[in-house]
Amino acid sequence: MEIFNIYNYVSEEVVFQFIRVVLIIAVTLPIVFILRNWARSFFTKKYSTHYGMLAGKVVFYSGMIILIITILGQMGISLAPLLAGAGIVGVALGFASQTSVSNIISGLFLIAEQPFKVDDIINVNGTIGIVMSIDVLSVKLRTFDNMFVRIPNEMIIKTEVINLTRFPIRRFNAKVSVAYREDIGKVREILMEVAQKNKYSLSEPEPQIIFEAFGTSSIDLDFRIWAQVNEWIHLKNTIQEEIKKRFDEEDIEIPFPHVSLYAGSESKPLPIEMVAKAENLRNEADEADN
Amino acid sequence: MENDIWGTVSLQDRDVHFIDIGDLRLWLKYKDSEIRIAYCYRDEARGEVDEQEPPKEVRWVRWAHKNGHDRVRILPAFADLPLIVQSEYSLKVSPHTTIQVFSRIPIWITIALAHDDYLLLELPAIKMSKTWFGTPIEGELCYHTMTKARRDLSKLKPEPYLVSCPITISNKSPGALDFESFCFRVERLGIYKHDGTLWADETQITYHGEEHHSDVIMTGKLPEGIDKQMQLTKPRKQIHASLTTRTFKRLFEDADILGS
């Protein structure tokens, strides 16, 4: 019986070449991963999660490029003809992968322009979420109801992006409506007191009350209060409740939409005349049904 | 009463240790090798409270630690953020004039384990609202407080929850200085007790005009009659020889930024 001998099928040189490639991958790949993790954690600690992510990506992709070039070298594939052919192949690939290339280039612009960073809260076309990562092709968000959203970089470049946490403080605009009979001066005083007592409201920038409009059923005020960006949601949640509570205590009416009917004169009520007793009306209706 | 507040207390010796200072009420007790602390502010529990038992709406917070130490150190402290001190009445300082005013600032209370100074809790004696010192784009979070900027405190009744801070203001500019509000970096001040009153070391503010930064120096100089032995609390941050920072507020004047 003949013993299996690999050298009958491939040359010794190819086997050694294969072993060298495997060894290079086995040694380099863990090093690249270790370096990526180190860079990510070092820059995260020293600067921010955003820079940690960027540093990790730079190390990882640089390592992978070096690894591929080394492997090609080991396999005896020269880079010169590859690079020469890259122009023609590049054109062909460019047409084939237009969207991907556009996303990659958009990703570079996003990283350079920095409209947002990792951990920022952004609003893209109505989708609000925390930025998890800015990758080569897309931006990954986690929404507040814990959903994963992937938005292509190209789309982010083309659409309006609202960064909700870019600046340290943020204003909340509370729409407050009061009845026409209320004293606006007193309402202003109460609102300012509410803002002063609210634990999330900032004394400065000072809260503002803007007389918005004479509404159909109410006088509409725009009550503007500032809070730290991370406490904005708490301010929104508490201040409106506190306004309602104080208005109830002070007997300030928050009117619901209503329509007043006048019969020619605003001082007289609508004339109502009883034409028949309810019982008679019911009997008439029963007879009509029969 | 105020003389009894500060210092080391053994909680095992009593059922409940009660503290009433400013708007804050604190109950401390030692049970099952744990230190338990409950607190509330005056607006949260109106009227008289039972010194032996907190109201129902107030919850005990428990600390379990190694060796079951029962001794706590209760000390006053300055706020953990700078203060924007606003003068109740505007005070104008003439050009090339130096004056001294006193600002009485609400304190915080720190409760730490006596044997290793492990901080259990720190609370303001009265609730202070937060404010922003800077522009809407950058700045820092501060507390907001009012002062009468008095020139003399001798006739005032000492309050255990207020620390008197002497502030020397030098107006070196050719124009008048309108002393309305300023950023007081209290984390660089120590607290001293003298005659039942809490005092801080001196702060010196030199104003060079609107176009220049003001110099704020925590001189470390103590008010008359006070010496280092009377120190209750060290500054939260080390005092540097000179702290140059923007002190007087010329902010938020641009209504276009905020009003739009």
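Residues numbered from 1 in each chain as written. Chains lettered and ligands numbered in written order. Predicted model: local features only at pLDDT ≥ 70, side-chain atom pairs only at ≥ 80, totals over all residues.

Quick look at the overall build of chain B
Rule in force here: Comment: elements are numbered from the N terminus, with helices defined as DSSP H or I runs of at least four residues and strands as E runs of at least two. Exposure classification rests on a simple neighbour count of other C-beta atoms within 10 Å of a residue's own: a residue reaching 20 or more is buried, one at 12 or fewer is exposed, and one in between is partly exposed. C-beta atoms are placed from the backbone. What counts as a contact is two residues whose backbone-derived C-beta atoms lie within 7 Å of each other.
Regarding its fold elements, chain B presents two helices and 20 strands. C-alpha atoms of chain B, sized along the principal axes, occupy 65 × 50 × 35 Å. A total of 260 residues make up chain B; the buried ones form 32% of that total. For chain B, the proportion of contacts with a sequence separation of at least 24, taken over those separated by at least 6, is 73%.

Some points on the overall build of chain A
When helices and strands are tallied, chain A shows eight helices and eight strands. Counting only residues that meet the buried cut, chain A has 18% of its 290 residues in that class. If you take every contact in chain A between residues at least 6 apart in sequence, the share linking residues at least 24 apart comes to 61%.

Let's talk about the packing of helix 6 (residues 184–197) of chain A against helix 7 (residues 232–250) of chain A
Residue and element names in this part refer to chain A. Under the convention used in this document: To get an axis, fit a line to the C-alpha atoms, keeping to the stretch in contact for a helix; angles then go from 0 to 180 degrees between the N-to-C directions. Angles below 35 degrees are treated as roughly parallel, those above 145 as roughly antiparallel, those between 65 and 115 as roughly perpendicular, and all remaining angles as oblique. It is the rotation of the near helix from the far one that decides the hand of a crossing: anticlockwise by less than a right angle makes it left-handed, clockwise makes it right-handed. Residue type decides the class: Asp, Glu, Lys and Arg count as charged, Ala, Val, Leu, Ile, Met, Phe, Trp, Tyr, Cys and Pro as nonpolar, and the leftover types, Gly among them, as polar.
Where helix 6 meets helix 7, the closest approach of the two axes is 10 Å, and the angle between their N-to-C directions is 135 degrees. By the angle class used here, helix 6 and helix 7 are oblique. The interaxial crossing formed by helix 6 with helix 7 has right-handed handedness. On helix 7, the residues that touch Ile190, Leu191 and Val194 of helix 6 are Ile239, Glu242, Ile243, Arg246 and Glu250. Here the residues of the contact of helix 6 with helix 7 sort into five nonpolar, no polar and three charged.

Remarks on helix 3 (residues 79–96) of chain A
For clarity, the threshold we go by: What we call the bend at a residue is the angle made by axes fitted to the seven residues finishing there and the seven residues starting there.
Of all bends in helix 3 of chain A, the biggest is about 45 degrees, found at alanine 86 of chain A. In terms of burial, helix 3 of chain A is a largely surface element, zero of the 18 residues being buried.

Side note on the confidence of the model for chain B
Basically, it comes down to this: Summary of the metric used: pLDDT quantifies the predictor's per-residue confidence within the range 0 to 100.
For chain B, the average pLDDT comes to 83, and 90% of its residues sit at 70 or higher. At the low end of the mean pLDDT range in chain B sits helix 2 (residues 255–259) of chain B, at 41; at the high end sits strand 9 (residues 108–113) of chain B, at 93.

A short note on the sheet that holds strand 8 (residues 219–228) of chain A
Residues and elements named next belong to chain A. Operational definition: Pairing between strands requires that DSSP locate at least two bridges from one strand to the other.
In spatial order, the strands read 6-8-7; together these three strands make up an open sheet with antiparallel pairing. Of all strands in the sheet, those with a lone pairing partner are strand 6 (169–178) and strand 7 (208–214), marking the two edges. Here the average twist between neighbouring strands, direction ignored, is 25 degrees. Across 10 bridges, strand 6 lies against strand 8 in antiparallel orientation.

Side note on the pairing of strand 13 (residues 162–171) of chain B
All names here are of chain B. The element strand 13 is extensively covered by neighbouring structure, given that eight of its 10 residues are classed as buried. Here strand 8 (residues 97–106) pairs with strand 13 via 10 bridges, running antiparallel. Following the sheet pairing, valine 101 is matched in strand 13 by isoleucine 167. Of the strand pairs in this sheet, strand 13 and strand 16 (residues 197–200) are connected by two bridges, and their pairing is parallel. Looking at strand 16, one finds that serine 164 is bridged to tryptophan 199. Pairing analysis gives five bridges linking strand 13 to strand 17 (residues 203–207), with the strands arranged parallel. Bridge pairing in strand 17 links isoleucine 169 to isoleucine 205.

Topic: unusual backbone geometry
A cis geometry characterises the amide bond from glutamate 204 of chain A onward to proline 205 of chain A, with omega recorded as 0 degrees. The residue proline 205 of chain A is located in the loop between helix 6 and strand 7 in this model. Phi at serine 33 of chain B is positive, roughly 60 degrees, even though this residue is not glycine. For serine 33 of chain B, the location among the structural elements is in the loop between strand 3 (24–31) and strand 4 (34–41). Judged by C-beta crowding, with 11 C-beta atoms within 10 Å, serine 33 of chain B ranks as exposed. Residues other than glycine seldom take positive phi values, yet aspartate 117 of chain B does so here, at roughly 60 degrees. Within the element layout of this structure, aspartate 117 of chain B appears in the loop between strand 9 and strand 10 (119–124). Overall, the presence of 10 C-beta atoms within 10 Å leaves aspartate 117 of chain B in the exposed class.

With respect to the sheet that holds strand 1 (residues 121–124) of chain A
Residue and element names in this part refer to chain A. Strand order in this open sheet of five strands is 4-3-2-1-5, and the pairing throughout is antiparallel. Looking at the sheet topology across the chains shown, the edges are occupied by strand 4 (148–152) and strand 5 (161–163). For this sheet, the mean angle separating the axes of adjacent strands, direction not counted, is 40 degrees. With three bridges joining them, strand 1 and strand 5 adopt antiparallel strand pairing. Following the sheet pairing, isoleucine 122 is matched in strand 5 by asparagine 163.

Thoughts on the environment of phenylalanine 109 of chain A
Of note, phenylalanine 109 of chain A is situated in helix 4 (residues 98–113). Expressed as a C-alpha distance, the spacing of phenylalanine 109 of chain A and arginine 224 of chain A, which sit 115 residues apart in the sequence, is 35 Å.

Remarks on the nonpolar core
Inclusion rule: Note on definitions: a nonpolar core is a set of buried residues drawn from Ala, Val, Leu, Ile, Met, Phe, Trp, Tyr and Cys, linked by C-beta atoms within 7 Å.
Membership of the largest hydrophobic core comes to 74 residues, with the highest contact counts inside it found for Ala227 of chain A together with Phe78, Leu83, Ile107, Ile109 and Val163 of chain B. Contacts of phenylalanine 78 of chain B, omitting those with residues within four sequence positions, involve Ile107, Trp108, Val186, Glu187, Leu189, Ile191 and Arg236 of chain B. By size, the runner-up hydrophobic cluster in this structure holds 14 residues, among which are Ala55, Val59, Ile122 and Val139 of chain A.

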